[in-house]
Amino acid sequence: NLRHSPKAMLRVAVLSSTAWLCATAFSMSRPATSTNRCLSRMGASNDMEEVARAFEKRYGGRIFEKLVEYPCDFRIKVIGREDETFVDDVIGYIGKVVDVSPASIKFTTAASREGTFVSVSVEAPVSSADQLYEIYSVLREDPRVKLAL
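In this report, we go over the structure that sits alongside the text. Residue numbers here run from 1 along each chain, matching the order of that chain's written sequence. Totals for whole chains, interfaces and linings use every residue, but because this is a predicted model, local features are given only for residues with pLDDT of at least 70 and side-chain atom pairs only at 80 or more, for both listing and counting. Side-chain numbers here rest on the full set of heavy atoms in the structure, without hydrogens or water.

**Some points on the side chain of serine 119**
- In this text, helices come from DSSP runs of H or I with a minimum length of four residues, and strands from runs of E with a minimum of two, each type numbered from the N-terminal end. With respect to the element layout, serine 119 can be found in strand β3 (residues 117–126).
- Its relative accessible area of 15% is what places serine 119 among the buried residues.
- Not counting residues up to four positions away in its chain, the partners in contact with serine 119 are Lys77, Val78, Ile79, Thr108, Thr109 and Ala110. When accessible area is computed with a 1.4 Å probe and restricted to protein chains, residues below 20% of their type maximum are described as buried, those above 50% as exposed, and intermediate ones as partly exposed. Contact definition: two residues touch when any of their heavy atoms are within 4.5 Å.

**Re the sheet that holds β3**
- Here, any two strands with at least 2 DSSP bridges between them count as paired. Strand order across the open sheet formed by 4 strands is β2-β3-β1-β4, with antiparallel pairing between neighbours. With partners counted over all chains shown, the strands left at the sheet margins are β2 (106–111) and β4 (145–148), one partner each. Strand-to-strand twist across the sheet, computed as the mean angle between neighbouring axes with direction ignored, equals 20 degrees.
- Judged from the 3 bridges that link them, strand β1 (residues 72–81) and β4 form a sheet pairing that is antiparallel. Helix axes are fitted to C-alpha atoms over the stretch in contact, other axes to C-alpha atoms as well, and angles between N-to-C directions run from 0 to 180 degrees.

**Quick look at the environment of threonine 109**
- By the secondary structure assignment, threonine 109 is in strand β2.
- On the accessibility criterion, threonine 109 (44% relative accessible area) is partly exposed.
- As for threonine 109 and valine 122, which are separated by 13 residues in sequence, their C-alpha atoms are 8.8 Å apart.
- Setting aside residues no more than four positions away along its own chain, threonine 109 makes contact with Val87, Val118, Ser119 and Val120.

**Section: the packing of helix α6 (residues 86–98) against helix α7 (residues 129–141)**
- The contact between α6 and α7 brings their axes to 9 Å, and the two run at 145 degrees. Handedness of the crossing formed by α6 with α7: right-handed. Between α6 and α7, the residues in contact are Val90, Tyr93, Ile94, Val97 and Val98 and Gln131, Glu134, Ile135, Val138 and Leu139, respectively.
- Three classes are used, and their members are as follows: Ala, Val, Leu, Ile, Met, Phe, Trp, Tyr, Cys and Pro are nonpolar, Asp, Glu, Lys and Arg are charged, and the others, Gly among them, are polar. Tallied by class, residues from the contact of α6 with α7 come to 8 nonpolar, 1 polar and 1 charged. Helix crossings get a hand from a simple test, with the near helix turned counterclockwise from the far one by less than a right angle marking a left-handed crossing and a clockwise turn marking a right-handed one.

**With respect to unusual backbone geometry**
- Omega for the peptide link from tyrosine 70 to proline 71 comes to -5 degrees, which places this bond in the cis form.
- Positive phi, close to 60 degrees, is recorded for aspartate 99, a residue that is not glycine.
- Within the fold, aspartate 99 resides in the loop between α6 and β2.

**What to know about α7**
- Here, expected helix span is obtained from the residue count minus one, scaled by 1.5 Å. Compared with an ideal rise of 1.5 Å per residue, which puts 13 residues at 18 Å, α7 spans 19 Å between its outermost C-alpha atoms and is within 8% of the ideal.
- Among the residues making up α7, those that are buried are Ala129, Gln131, Leu132, Ile135, Tyr136 and Leu139. Each buried residue of α7 sits inside an arc of 165 degrees when the element is viewed along its axis, so together they form one side. Turned more than 90 degrees off the buried face of α7, the exposed positions are Arg140 and Glu141.
- As for α7, its buried residues are in contact with α5 (63–67), β1, α6, β3 and β4. Here the arc refers to the directions that run from the helix axis out to each C-beta atom.

**Digging into the nonpolar core**
- The criterion is simple. A nonpolar core is a set of buried Ala, Val, Leu, Ile, Met, Phe, Trp, Tyr and Cys residues joined through side-chain atoms within 4.5 Å. Membership of the largest hydrophobic core comes to 29 residues, with the highest contact counts inside it found for Phe64, Phe74, Ile76, Val90, Ile94, Val126 and Ile135.
- Going through the elements one at a time, α4 (48–59), α5, β1, α6, β3 and α7 are the ones with two or more residues in this core.
- A per-element tally of this core places α6 first, with 7 residues.

**Side note on the environment of aspartate 73**
- For aspartate 73, the location among the structural elements is in strand β1.
- The spatial distance from the C-alpha of aspartate 73 to the C-alpha of valine 126 is 6.1 Å, given a sequence separation of 53 residues.

Listed below in C-alpha cells is the structure:
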C-alpha cells in the first residue's frame, strides 16, 4: 500500500535510484564533479526527471501524486550559493507558489564551513502535487540553487 507512510515511501522510492543516492552524498566543495563522478562509476543518469519518468512508468503516476497525502507540510531542502538574498528569495518563491506569506513559512538554515553555500530546510505548506512540482520548477530557474531535495 503506497499510502501507508507517504514520506517514508517517497524516500524509499527516490533513494532506490542511484541518481538520488549520489545527489545526497555530494560534496559541497565540488557538487557537480562529485555527483557526476559517482554516477558515471555506476553507469547511472544524473537526470532526476529521468528518474521521475521511470517511477511514473513503473507505478502509473507522478511520484508526488502517488506517495504524498495532501494537504501537508512538505520538507524541502535547498542548497545554493550564499549571498545576501538567497534565503529570502527561496522562501519568497515557495510562498508565492503556495499563496502564503513568506513570514508564515517555517525554515532553518545552515552555512557550509567556508560560508560559500547555504542549506535552507523549508516546511512548505502544499495542498497538491501540482504545487510541489511547481516549487521545484521555480527553484530550478534560480542559478544560485545547486540542489533541491
